[in-house]
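# Coordinate inspection notes
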Amino acid sequence: MNQQVLPEAALPQPPYQENDEIDLRELFAALAARKWTIFSLTALVLLLSAAYAIFATPIYSSDALVQVEKKKPSLPLFDQLAAMDPSGAFDTGAEAEIEIIKSRFVLGKVVDSLGLDIQVQPKTFPLIGRYVFRTYRPEADEPPVRDPWLSSRWAWGGEKAQLSLLNVPDDWVDQNLLLRKTGADSFELLADDEPVIQGRVGEFIQQGPWAIKVEQLLGHDGVRFAVSKLSPYQAISNLLDQLTVKERGKKTGVIELSYLDPDAARARAILNEITQVYYDQNVRRLSQEAANSIAFIKTRLPELRRQLTEAEVALNRFRQQQGTVAIDEETKAVIERLTEVERKLQDIGLKEAEFSKRFRTDYPIYRALIEQKDKLQAERAAIEKQIKKFPDRQQELIRLTRDVQIANDVYTQLLAKQQELEVVQASTVGTVRILDQAITNPKPVKPKKPLIVAIGGMLGLMLGVGVVLVQRMLRQEIHNVAQLEETTGRPVYATIPEVPALVKQMRRSRSKEEKLPLLTEVVANDDPALESFRSLRTAVHFALLDDARPVLAVTGPAPGVGKSFVSVHLGLVAAQGEAKVLLIDADMRKGHIERYFGLSRSPGLSEVLAGDLPWRDALHRLGPNDLHLLTAGRYPPNPAELLMHPRFQALLDEARETFDLVIVDTPPVLAVTDAVIITHLAGATLLVCRAGVTEYGEATAALARLAQNGVNVKGLIVNALDTRSRYGYRYGNRYYYSASRYRYQASA
């Protein structure tokens, strides 16, 4: 019983099933295949990070500590109320003091004191100039200013300019100006490259709204400095950007201040000035509070003195007119109670006058004061009601005596408090104490070089991996044999594994005159790659079994897929099977099959089609087997027209009568029309795709191009498949594993 034998690739295969799950082995294999891309991007970003870490301007940090003590009212009238105040109005706390430090009130004085509204920076060479400038540390025998390297217009090290005054028109506030040294002690100020003012160092110069005084100018003639006059808002904003103020710990009252600046000495000076200005304003504020209380008391003392005098005069007049009036113990007690209540009301009146300047009437402490005042007034009304029961003479005596005592007590009390406040004002020390003066860390806090390099390496690695994954997602190169068959609807006749040793040797053969290595020269006879070509030979044999034209066209979608490599080795393997094989290099544009055998390109196919010589005279017999080669020949100006000439049809007709197999290596399908012409004349056509290079869309487009011209592609060949990964795993990779185990030792 006869049984039809089908090639392995033509056997029915289970349909490819798309798996949405991420295959980690396949993913890592994709990354390993593009490891040099990942390595290059990682190295590039790492190099850029290291360069930034080296050339970036170092930033120094200066820090200081201040302590904020709980505020006590300088006015003694408020001592008890401050202790009872639930809102903490008399205790501002660290949060409020932090905001005071960061206020324009404090920082504005710092800007004015240190002249921070005038910015001066030497103009340095782009990119590396700042690094060169700051690394210049002259020795004792070296000049303070480095000699110019490329041009004296740039600062190379040691150049310095100091301005004590700079006035500019409003339009030039916060704008860049140029200060250029023009002589030993002369300079000019430029706006938009036009001189606006000229002068000498140490002199005050004014021209209209422009005014300047340069205290110091070091550098070679022609060196330039970037100068700008900052607005108060911008100068204070610059300070705030580099200033950090926070409480150390929770509710400790200790405030930590830090300031960042490229100049370590400047950072320390600025922070010391900030703490000193803050301390001085705190002392002045408390001293001013005592001064305000003294001023208030002084306005009240003359009025109280007048009231006391009038009360004493009225009491003396009453005694002279009425004579001696007996006062019993009950009356004395009433007078004392009334006097005490009146005194308290007078005290509350003073407090209310002070409170009205500080608080709204609905403030808790203000409301408590009003409630206390209402109680005392009610008590006074009750006493006065009791006094009305006394005889008229006693009532009058009580009233006059009360007036004298109250006026005397209030006057004496305020006079004593005035003296007390004057002592307080003279001895005010404030509620702020500078614990640590500013000190600068000798090591820069920025940039953090190890961290930057580490982050750069991580980002470079992530960038490399991301680029590879995005390219893989967008390009959709062929990696999976089953998916390729599902996409194209064509069987895969053979999958040829990548041979790293062969790839290395081919990369060395870059010259067009240098011989290309053959697979049989690199690997053993039982290597899986050669076994793949033997399987392909079997598949081709059955594909052409019933065809009267044993002509096989080998093509590809685009250059670089390895179709010439496949054609050469398929011819070699077929010739080893005792078949008479003719290999034709029909790529007259860029064919190079002759390089595999160390032959010359001409004479060849182009000369044959041009009628210069018979085709049999252009053949080369290769090796001991019956393999013949017709090279591409010289480069013709019209390859497509030559292929359409009847001579090419006649060549194939004669060749199929002489040879068992004719393999025609064609140009790429999507590049030129030559492939369509050749495949029309062939008995079968195979399309070569390179794993990791050819995209699924390219393979589909090539098949569609051939189908439009009536060419039916028998099958596909996947070249350079990476069998070390899971690419092509589905009924692809497992065959190589089996082939590697099914080896035998030939008998002698």
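From a predicted model like this one, the values you see are computed outputs, not experimental measurements.

Among the surface-exposed residues, Lys-35, Lys-504, Arg-507 and Arg-508 lie close enough to one another that they form a single positively charged patch. By residue number, the principal contributor to the positive patch is helix α14 (residues 500-508), which donates 3 residues. Within the secondary structure, Lys-35 sits in helix α2 (residues 35-55).

This part is about the sheet that holds strand β11 (residues 254-261). With respect to topology, 4 strands assemble into an open sheet ordered β10-β11-β1-β12, the strand pairing being antiparallel. Edge positions in the sheet fall to β10 (243-247) and β12 (432-440), since each of these pairs with one other strand and no more. Each adjacent strand pair in this sheet contributes to an overall mean axis angle of 15°, direction not counted. One ladder, built from 6 bridges, connects strand β1 (residues 60-68) with β12; its direction is antiparallel. If you follow Gln-67 over to β12, its bridge partner there is Arg-433. Strands in contact with helix α4 (residues 93-101) are β1, β10 and β11; relative to β10, the strand with the most contacts, it is inclined by about 170°.

Our next topic: the packing of aromatic side chains. Using the criterion set out here, one finds 7 aromatic pairs in the structure. With a centroid separation of 4.9 Å and an interplanar angle of 75°, the aromatic rings of Phe-55 and Tyr-131 are classed as edge-to-face. Of this pair, Phe-55 sits in helix α2 while Tyr-131 sits in helix α6 (residues 129-134), placing them 76 residues apart in sequence. Since its relative accessible area comes to 32%, Phe-55 is described here as partly exposed. Judged by centre distance (5.9 Å) and plane angle (85°), the rings of Phe-125 and Trp-154 are edge-to-face. Of the two residues, Phe-125 is situated in the loop between β2 (118-122) and α6 and Trp-154 in the loop between α6 and β3 (160-167); the sequence distance between them amounts to 29 residues. Three or more aromatic residues joined by ring pairs make a cluster, and in this case those are Phe-125, Trp-149, Trp-154 and Trp-156.

Time to look at the packing of helix α15 (residues 528-543) against helix α16 (residues 563-576). Angle between the axes and distance between the axes: these two values describe a pair of packed helices. Two elements in contact, α15 and α16, have axes whose closest approach is 9 Å; the angle formed by their N-to-C orientations is 80°. Classified by the interaxial angle, the pair formed by α15 and α16 is roughly perpendicular. Along the contact surface, α15 presents Phe-533, Arg-534, Leu-536, Arg-537 and Val-540, while α16 presents Phe-565, Val-566, His-569, Leu-570, Val-573, Ala-574 and Gln-576. For the contact of α15 with α16, the class distribution of residues is 8 nonpolar, 2 polar and 2 charged.

When the terminal C-alpha atoms of helix α12 (residues 449-475) are compared, their 38 Å separation across 27 residues agrees well with the 39 Å that a helix rising 1.5 Å per residue should span. Listed in full, the buried residues belonging to α12 are Gly-456, Gly-457, Gly-460, Gly-464 and Val-468. Where α12 is buried, its residues contact α1 (24-33) and α2. Positive backbone phi, at 55°, marks Gln-476, one or two positions downstream of α12.

In terms of nonpolar packing, the biggest core is built from 43 residues, with Leu-519, Leu-536, Leu-552 and Phe-597 touching the most fellow members. Elements represented by at least two residues in this core include exactly β13 (492-497), α15, β14 (551-555), α16, β15 (581-585), β17 (627-630), β18 (661-665) and β19 (684-690). Here the element with the most residues in this core is α16; it accounts for 8 residues. Leu-552 has contacts with Val-540, Leu-544, Leu-570, Leu-661, Val-662, Ile-663, Val-664, Ala-684, Thr-685 and Leu-686, leaving out every residue within four places of it along the chain. Among the nonpolar cores identified, the runner-up in size contains 29 residues, and Val-110, Val-245, Ile-270 and Tyr-278 belong to it.

Reading the values: the criteria
- Residues numbered from 1 in each chain as written.
- Predicted model: local features only at pLDDT ≥ 70, side-chain atom pairs only at ≥ 80, totals over all residues.
- Heavy atoms only, no water.
- Patch = residues over 30% accessible without salt bridge, like charges linked within 9 Å, V, L, I, M, F, W, Y side chains within 5 Å.
- Areas by Shrake-Rupley, 256 points an atom, 1.4 Å probe, with all protein chains shown as cover.
- Salt bridge = Lys/Arg side-chain N within 4 Å of Asp/Glu carboxyl O.
- Lys, Arg positive; Asp, Glu negative; His and termini not counted.
- Charge placed at Lys NZ, Arg CZ, Asp CG, Glu CD.
- Helix = DSSP H or I, 4+ residues; strand = E, 2+ residues; numbered from the N terminus.
- Pairing = 2+ DSSP bridges.
- Axes fitted to C-alpha atoms, helices over the stretch in contact; angles between N-to-C directions.
- Contact = heavy atoms within 4.5 Å.
- Phe/Tyr/Trp six-rings, centres within 6.5 Å; stacked < 30°, edge-to-face > 60°.
- Buried < 20%, exposed > 50% of the residue type's maximum accessible area, 1.4 Å probe, protein only.
- Parallel < 35°, antiparallel > 145°, perpendicular 65-115°, else oblique.
- Nonpolar A, V, L, I, M, F, W, Y, C, P; charged D, E, K, R; others polar.
- Expected span 1.5 Å × (residues − 1).
- Core = buried A, V, L, I, M, F, W, Y, C linked by side-chain atoms within 4.5 Å.

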